[in-house]
Every structure is written in structure tokens, then in C-alpha cells.
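For reference, the chains in residue letters:
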Amino acid sequence: MHPGNASSSRSFEGTTGGAEHFISVEAPGGLDLAQQLDFIERRYAETTQALRLAPETAVFRRVFVSDVINQAAQVHDSGLFAEPASGPVAVSIIQQPPLPGSKIALLAYPIAGDGSIAKRRLSPKHLLVEKSGLAHLCSTRLCAGAYGSSASVVAQTREIFDDLIGTLAGQGGTLRDNCVRTWIYLKDVDVFYQGMVESRGELFARHGLTRDTHYIASTGIEGACAHRYDLVAMDAYSILGLAPRQMSHLNDFDRLCATKEYNVTFERGTRIAYADRSHHFISRTASIDN
């Protein structure tokens with residue numbers, strides 16, 4: 001999105017059809033939260049209409065806010081979060097203040113074409129999207145929902161991943177074979193990142209994610225959910241029904257060492273290959289001069 005533009009979109013359509021769209025909308029500063037929410041909803045609706053997207057194409061939205069504790073209730077009551085009649089949508093709400101000073105911004109991912117898309121809510125935090133013989137699990141707002149300050153980041157990380165692991169198991173999947181990407185948000189990342197890394201590493205080892213197998217593309221970054229005492233929150237994307245050769249992992253050892261060399265358990269990137277396209281999930285790691 002260029003400065004001064006309230007909304008932008010990027011689209012892709014493969015040789016067999018099936019269009020994917022990324023839509024971003026940023027509210028202008030100087031308005032109160034209700035006005036910014038209304039602006040975002042209107043611009044998002046205008047963009048989807050211009051792209052001729054039916055309401056049922058909505059799959060995923062991430063809403064970025066500047067003060068989640070005080071803003072989450074209004075976002076929950078808005079059209080960005082509400083379940084439309086056309087079917088459920090996976091919605092992430094995360095505190096990462098938008099630039100250059102607005103209270104709220106939106107990233108949305110609608111998909112359309114090449115056959116039917118069936119959406120099924122497994123729980124308030126897990127949405128299953130069935131398309132072309134695969135089931136895509138969108139997991140959002142995973143957090144411990146802590147109500148006291150005694151819960152450690154180690155325990156919260158374990159609880160969040162256990163939620164995802166249990167949901168995958170209920171669909172015949174595993175963390176090792178089916179989880180493609182995680183987005184991990186830490187309150188005060190400089191303080192709590194190491195505890196999350198240690199807890200995640202122990203959990204991964206128990207589930208077959210090791211130096212000798214593979215890890216998961218991931219981002220660990222400053223952010224917060226709507227629970228005051230939660231130190232860590234997560235969104236995740238998993239695919240059920242993948243053939244083993246469809247997933248591969250991305251490295252450039254001339255520029256970046258493997259993360260296992262400094263005891264961090266994530267992949268630099270993951271590639272999912274389809275018949276007419278590939279999806280690349282990049283972990284947003286820092287570039288290092290060789």
C-alpha cells in the first residue's frame with residue numbers, strides 16, 4: 001500500500017482458474033474508532049464489488065489495531081468480525097499499531113473460482129475450508145485466555161499449540177505433517193521471546209519436529225491479543241490432504257544459516273506446490289550479509 005492510498009489489492013489466477021486476492025485497507029487518521037471501522041468496512045465492500053467477489057469468497061481477515069484491550073469489543077461488534085449469512089470467516093485481531101497513526105487496518109484474503117468452496121467452523125478459533133480435494137485449516141486468535149498474571153509464557157505457549165494439535169488430530173492431521181505456517185505474537189517480545197522459543201522447541205521434539213526432520217515457517221514478533229494477562233498469541237495455517245512431495249522448505253545457505261545452528265525451531269520458508277501455482281510462506285527473517 002502506498003502512502004495516501006486507503007486501499008489496495010493484488011490478484012492471481014492460474015491456468016486452471018481459481019482466483020486469489022489480497023486486499024489491504026487502512027483507515028485515515030483523525031477519526032475516532034467507530035468512524036475508522038465504518039471507513040474500513042465501506043472501502044473493503046467497494047473493493048470486493050470492484051473485483052466482482054461474492055460474499056462467500058471471504059476466507060480470512062486480519063484486523064490490526066492500536067489498542068486491543070480497549071478496541072476489541074467494537075471490532076467484535078463490527079461487520080469485519082461478524083459471521084455473514086454467506087458462511088463463516090476466519091478473523092484475526094492483533095495489536096500492531098498501523099502506520100502512519102491510524103487506529104485500525106485490514107488485510108483480507110478472498111478466494112474464488114474453479115469449483116465449490118465449503119467452509120465449516122470447527123470451533124470459535126478454527127475454520128476448515130474445503131476446496132479441490134484439500135482441507136485448509138485457518139486457526140486464529142489462539143491464546144490462553146489468561147485471567148491472572150501467574151501463567152508463564154512457557155505454559156501459555158504449550159497451551160496454544162496443544163489447542164492446534166488437538167484440532168488437527170480431530171481431522172486426522174498432525175502438527176509435523178500438516179501445519180504450514182504460524183504467526184506468533186508476543187507481548188514485550190524482548191522479554192518473552194526466549195521462553196516461547198524454549199517451550200516451542202520442547203513441544204516440537206515431542207511431535208517429531210526435529211533437526212533431522214523439519215520445522216514450520218513462522219514469525220515471532222511483538223503483538224498482543226485482547227486478554228490482559230496473555231503473553232503470547234498465535235494464528236496458524238494448516239493443510240490436510242497434502243501429498244508429501246507437495247511441501248518443501250526454502251533455504252539460501254550462502255546468505256542465511258539453518259535456524260537449527262542457533263537453536264531456533266522454525267523454517268526460513270515453506271513452499272506448497274499445486275498443479276498450476278505454488279504458495280511460498282516466508283518467515284520474515286532478517287537478511288544477513290554473507
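Residues numbered from 1 in each chain as written. Predicted model: local features only at pLDDT ≥ 70, side-chain atom pairs only at ≥ 80, totals over all residues. Heavy atoms only, no water.

A.B. asks: In this structure, what is going on with the environment of V59? I would like to understand it.
C.D. replies: With respect to the element layout, V59 can be found in strand β3 (residues 58-65). A C-alpha to C-alpha distance of 7.7 Å links V59 and P88, two positions 29 residues apart in sequence. Beyond its immediate stretch of four places on either side in the chain, V59 contacts V89, A90, Y109, P110, I111, L127, V129 and C138. (Helix = DSSP H or I, 4+ residues; strand = E, 2+ residues; numbered from the N terminus. Contact = heavy atoms within 4.5 Å.)

A.B. asks: It is not clear to me how the pairing of strand β4 (residues 90-95) should be interpreted in this structure. Could you clarify?
C.D. replies: On a regular strand, one side chain projects to one face of the sheet and the next to the other, so that they alternate. Counting buried residues in β4 gives 5 out of 6 residues, a clear majority hidden from the surface. Here 6 bridges tie β3 to β4, and the two strands are oriented parallel to one another. Bridge pairing links F60 to A90 in β4. Traced from β3 through helix α2 (residues 68-76) to β4, the parallel crossover comes out right-handed. (Buried < 20%, exposed > 50% of the residue type's maximum accessible area, 1.4 Å probe, protein only. Pairing = 2+ DSSP bridges. Right-handed = clockwise from strand over helix to strand, strands pointing away.)

A.B. asks: Would you mind showing me how to read the confidence of the model for the protein here?
C.D. replies: Predicted coordinates in regions of low pLDDT should not be interpreted in detail. Considering every residue of the protein, the mean pLDDT works out to 91; 96% of them sit at 70 or more. At the low end of the mean pLDDT range in the protein sits strand β1 (residues 7-14), at 91; at the high end sits strand β11 (residues 232-240), at 98. (pLDDT = per-residue confidence, 0-100.)

A.B. asks: Honestly, the layout of surface pockets in this entry has me stumped. Any pointers?
C.D. replies: If you roll a probe as big as a water molecule over the atoms, it shows you where there is empty space left. Space inside the largest pocket adds up to approximately 1,200 Å³. For the lining of the largest pocket, the class distribution of residues is 21 nonpolar, 13 polar and 10 charged. (1 Å grid on protein atoms, 1.4 Å probe; cavity = no way out; pocket = protein on both sides within 12 Å on 5 of 7 lines; lining within 4 Å. Points joined across faces, edges and corners; volume = space filled by probe spheres on them. Nonpolar A, V, L, I, M, F, W, Y, C, P; charged D, E, K, R; others polar.)

A.B. asks: Please clarify how the packing of helix α1 (residues 33-50) against α2 should be interpreted in this entry.
C.D. replies: For any two helices packed against each other, the geometry comes down to the angle between their axes and how far apart the axes lie. Following both chains from N to C, one finds α1 and α2 inclined at 45°, their axes separated by 11 Å at the closest point. By the angle between their directions, the pair α1 and α2 is classed as oblique. As α1 runs across α2, the sense of the crossing is right-handed. Across the interface between the two elements, L33, A34 and L37 of α1 pack against Q71, Q74 and V75 of α2. Among the residues forming the contact of α1 with α2, the class breakdown is 4 nonpolar, 2 polar and no charged. (Axes fitted to C-alpha atoms, helices over the stretch in contact; angles between N-to-C directions. Parallel < 35°, antiparallel > 145°, perpendicular 65-115°, else oblique. Left-handed = near helix turned anticlockwise from the far one by under 90°.)

A.B. asks: Before we go on, may I ask you to explain the packing of aromatic side chains in this structure?
C.D. replies: For any pair of aromatic rings, geometry is given as the distance between the ring centres together with the angle between the planes. Summed over the entire model, instances satisfying the criterion amount to 4 aromatic pairs. With centroids separated by 6.4 Å and ring planes inclined at 20°, the aromatic side chains of F204 and Y215 adopt a geometry described as stacked. Remark: Y215 occurs in the loop between α5 (189-206) and β10 (217-222) and F204 occurs in helix α5; sequence separation between them is 11 residues. When sorted by exposure, F204 lands in the same class as Y215, which is buried. Seen from the ring of W183, R62 lies directly overhead, with NZ or CZ sitting 5.0 Å from the centre. (Phe/Tyr/Trp six-rings, centres within 6.5 Å; stacked < 30°, edge-to-face > 60°. Lys NZ or Arg CZ within 6 Å of the ring centre and 35° of its normal.)

A.B. asks: Where do I start with the packing of helix α3 (residues 153-170) against α5 in this structure?
C.D. replies: Viewed as axis vectors pointing N to C, α3 and α5 meet at an angle of 40°, and their least axial separation amounts to 8 Å. If you check the angle between α3 and α5, you find them oblique. Crossing hand, α3 versus α5: right-handed. Of the residues in α5, those touching α3 at V153, V154, T157, R158, F161, D162 and I165 are F192, G195, M196, S199, R200, L203, F204 and R206. For the contact of α3 with α5, the per-class residue count stands at 8 nonpolar, 3 polar and 4 charged.

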